Amino acid sequence: MPLVKFIGHDGTTHEVHVDTGTSIMRAAVDNDVRGIVGECGGSCVCATCHCYIHESWLSKFGEPNESERGLLECVGDLKPNSRLGCQVTVTDEFDGMSVTLPPSQY
Ligand code: FES
């Protein structure tokens, strides 16, 4: 099971083991990680799963698709490494990755 480290905006860290094939959003919500909401349940329509993927891992996930790109334009605090957590799936090769959470999802 890959380990994912969530880093909150206040610096709080939360490490969770994730079943391979689980999205970042689902990993956070199912483990009570504060800072990711996942309001639409992963349908890519709410953008409340915005997060920042550490640069060393970002390229491994490939580019966001058109609907994710469009929704990312609506988030506050957009950065070059912004992604929607429901569109990023963790597999074994991402063991040890870090995900930073924005100050707010709204
Ligand atoms: S959970 Fe709604 S867009 Fe990701």
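Here we summarise the structure given alongside this text. (Residues numbered from 1 in each chain as written. Predicted model: local features only at pLDDT ≥ 70, side-chain atom pairs only at ≥ 80, totals over all residues.)

### What to know about the sheet that holds strand β7 (residues 97-100)
Line of reasoning, step 1. Taken in spatial order, the five strands make up an open sheet running β2-β1-β7-β4-β5, and their pairing is mixed. Only two strands of the sheet have a single partner each, and these edge strands are β2 (13-17) and β5 (82-84). The average angle at which neighbouring strand axes cross in this sheet is 35°, direction not considered.
Line of reasoning, step 2. Here strand β1 (residues 3-7) runs beside β2; their pairing, made up of five bridges, is antiparallel. Residue L3 lies in a different strand from β2, and its bridge partner there is H17. (Pairing = 2+ DSSP bridges. Helix = DSSP H or I, 4+ residues; strand = E, 2+ residues; numbered from the N terminus. Axes fitted to C-alpha atoms, helices over the stretch in contact; angles between N-to-C directions.)

### Here's the deal with the nonpolar core
Line of reasoning, step 1. Counting 22 residues, the largest nonpolar core has V4, I24, A28, I36, C51 and V99 as its most contacted members.
Line of reasoning, step 2. Those elements that place two or more of their residues in this core are β1, α1 (24-30), β4 (50-53) and β7.
Line of reasoning, step 3. Broken down by element, the residue count for this core peaks at four residues, all from α1.
Line of reasoning, step 4. Ignoring sequence-local partners within four residues, the contact set of A28 consists of F6, V33, I36 and G85. (Core = buried A, V, L, I, M, F, W, Y, C linked by C-beta atoms within 7 Å. Buried ≥ 20, exposed ≤ 12 C-beta atoms within 10 Å, placed from the backbone. Contact = placed C-beta atoms within 7 Å.)

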